[in-house]
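The residues making up each chain are set out below.
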Amino acid sequence: WGSKSGSNDNKVSKMDEEDGFNNVKEERPNVQVGKAGAQTHVIRVKFPDKDVEVHAKDPELNLTSMADLYALLQADHGLSEQFRLAQENENEETIPIENDNTDIELPLSLTVERKPIRIIVQHHGKSEMLEDISMRKTIGEIRVEFRVKSGGLDVWKLSYEGKQLHDDMTVESLGLEDGATLLGAYAVTVHDLECKTEKAVMVHGFNTLVDLVEKYMEATHREKHAGSTIMLNKGDPGIDPFESPDPATLWDLKIVENAVVFYHSAPFTVTIRDRKSNHEEEQKMNLVVHDHFKVERVKNMFMDTARAEWGMVDISKEDFTLIFANHEMKDENQLSTMGNTGWEVILSSWFNGQRPNLLLNTSARDAATLSASDQVTLSAASVAAV
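This one's a predicted model, so the numbers in the text were calculated from it and none came from an experiment.

**Observations regarding unusual backbone geometry**
The phi angle of most residues is negative, glycine excepted, and most peptide bonds adopt the trans form.
Part 1: In this model, leucine 106 is joined to proline 107 through a cis peptide bond whose omega is -10°.
Part 2: Within the element layout of this structure, proline 107 appears in the loop between strand S5 (94–97) and strand S6 (108–114).
Part 3: Even without being glycine, aspartate 132 reaches a positive phi, approximately 55°.
Part 4: Inspection of the secondary structure puts aspartate 132 in strand S8 (residues 126–133).
Part 5: Within the chain, lysine 254 stands out as a residue other than glycine whose phi angle is a positive 60°.
Part 6: In this structure, lysine 254 sits in the loop between strand S14 (229–231) and strand S15 (260–264).
Part 7: According to the relative accessible area criterion, lysine 254 is exposed, its value standing at 67%.

**What about helix H2 (residues 66–76)?**
Part 1: Residues Met66, Leu69, Tyr70, Leu72 and Leu73 constitute the buried set of H2. All buried residues of H2 fall inside an arc of 165° around its axis, so they share one side. Residues Ala75 and Asp76 are exposed on H2 and point more than 90 degrees away from its buried face.
Part 2: At its buried positions, H2 is contacted by strand S1 (30–33), strand S2 (42–46), strand S3 (51–55), strand S4 (83–88), S5 and S6.
Part 3: At the C-terminal side of H2, glycine 78 shows a positive phi close to 80°.

**Some words on the pairing of strand S12 (residues 186–192)**
Part 1: With 7 of 7 residues buried, S12 lies mostly within the body of the structure.
Part 2: Residue alternation in S12 divides its side chains into two sets, Tyr186, Val188, Val190 and Asp192 and Ala187, Thr189 and His191, and both sets are buried.
Part 3: Relative to strand S13 (residues 197–203), S12 is paired through 7 bridges, and the arrangement is antiparallel. Along S13, the bridge assignment pairs aspartate 192 with threonine 197.
Part 4: As consecutive antiparallel partners, S12 and S13 are separated by 4 residues, and within that stretch lysine 196 has a phi angle of approximately 55°, a positive value.
Part 5: Relative to S15, S12 runs parallel, the two being bridged by 4 bridges.

**Points about the nonpolar core**
Part 1: Residues Ile43, Leu69 and Leu85 are the most contacted members of the largest nonpolar core, which totals 20 residues.
Part 2: At 5 residues, the largest contribution of residues to this core is made by H2.
Part 3: Ignoring any residue separated from it by four or fewer positions in sequence, one finds isoleucine 43 in contact with Val52, Glu53, Val54, Ala56, Leu69, Ile104, Leu106, Leu108 and Leu110.

**Points about helix H6 (residues 295–309)**
Side chains three or four residues apart in an α-helix point the same way, a direct result of the helix having 3.6 residues per turn.
Part 1: Helix length check: H6, at 15 residues, gives a terminal C-alpha distance of 21 Å against a target of 21 Å (1.5 Å per residue), a fit within 8%.
Part 2: Every buried residue belonging to H6 is among Val295, Val298, Lys299, Phe302, Met303, Thr305 and Ala306, and all of these are buried.

**Re the packing of aromatic side chains**
Part 1: Considering all chains together, one arrives at 1 aromatic pair under this definition.
Part 2: Taken together, a centroid distance of 5.4 Å and an interplanar angle of 65° make the contact between tyrosine 216 and tyrosine 263 edge-to-face. With tyrosine 216 in helix H5 (residues 209–219) and tyrosine 263 in strand S15, this residue pair connects regions lying 47 residues apart in the sequence. Across the pair, tyrosine 263 and tyrosine 216 agree in class, each one buried.

Conventions used here
Sequence order as written defines the numbering, with residues in each chain counted from 1. In view of the model being predicted, local features appear only for residues whose pLDDT reaches at least 70, and side-chain atom pairs are presented and counted only at 80 or more, with totals across whole chains, interfaces and linings using the full set of residues. Water and hydrogen atoms play no part in the side-chain values, which are based on all heavy atoms of the structure. Put simply, DSSP H or I for four residues or longer makes a helix, DSSP E for two residues or longer makes a strand, and each gets a number counted from the N terminus. The cut-offs for exposure are 20% and 50% of the maximum accessible area for each residue type, with area from a 1.4 Å probe on protein chains only; residues under the lower value are buried, those over the upper are exposed, and the others partly exposed. Directions are taken from the helix axis to each C-beta atom, and the arc is the one they span. Working rule for contacts: check all heavy atoms of both residues, and any pair within 4.5 Å makes them a contact. Between any two strands, pairing holds if DSSP finds at least two bridges. We define a nonpolar core as any set of buried Ala, Val, Leu, Ile, Met, Phe, Trp, Tyr and Cys residues linked to one another through side-chain atoms lying within 4.5 Å. A helix is expected to span 1.5 Å multiplied by its residue count minus one. Ring pairs are drawn from Phe, Tyr and Trp, using the six-membered ring of Trp, whenever the two centres fall within 6.5 Å, and their geometry is named by plane angle: stacked under 30 degrees, edge-to-face over 60, tilted for the rest.

Quick look at the structure:
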């Protein structure tokens, strides 16, 4: 850029183009220290960003021990306390060189590497400090170390600052610092304001609010109804994460271990169909319910409405039973407990954003057979017509 037309200042050679990057590779700086002498008297030190050649026999340098070399590199060439010198063996493994009075044996080739660090792993309420973690250590190896130190507790997924980590990632590639904390699974409590219930669910830092609600639905055998919302703090405006998915992770939202979030479960409509034989036309009744309602409560709602709207003044609970997927529903059961059985067929459409009515079909107790429908059936005993 900025060169005049026809100028060769920025011309790229054919060799550079074949390299695939269309630019000239940047050469590493080579720093000479001391008065040049025989190559057998050189200490070559490979820094992350430069090469340093120390002519060890220069009397002005006064180098006799590894401590002298450390002092020189720390004072003049940026070797910080977080780094150390190391030597590669024939297996390309690095052997640390201690900062002590060990004599220097020439010639010598060294590399600068980060010192091992400590990493904290938190998982399922347990925290372990892993010591002496090298920069080449992978996440898969860290998971194994945690399992050993924690007494056999497996951690399958780890995250760091809201990002999911994979087994082949290394400490160096992630830029982890001493004392970094990696998160496994942790508990978040969901408080349902409408149903007045609490449930702890296991999440990861890389999960989103959508993931959190889905895990809560699964843990409580429920389905999400349109209009349900979640709040990070009680009194906040409710958020429907499915309506406008937010890519922010739980870590971004500061939803940490043992945090409490608030959930408002929306009501839904149940349509009851009365198919008693003494009615020429089918009668229907709409009831607004929540999935924490017990079957007994639905029965009472049906009876109250039947007395008021249908004139069934003598109806009682003994006159009918609720049948769901050809199974009788017990009074003490909550509607939500059916979520992973037959309710799923009906509720799955709500999960896709639709709101069809749930059907409760009534039929005479003395009928020869129950309805073969997969929908929910309310089986009414012969109730005297008024």
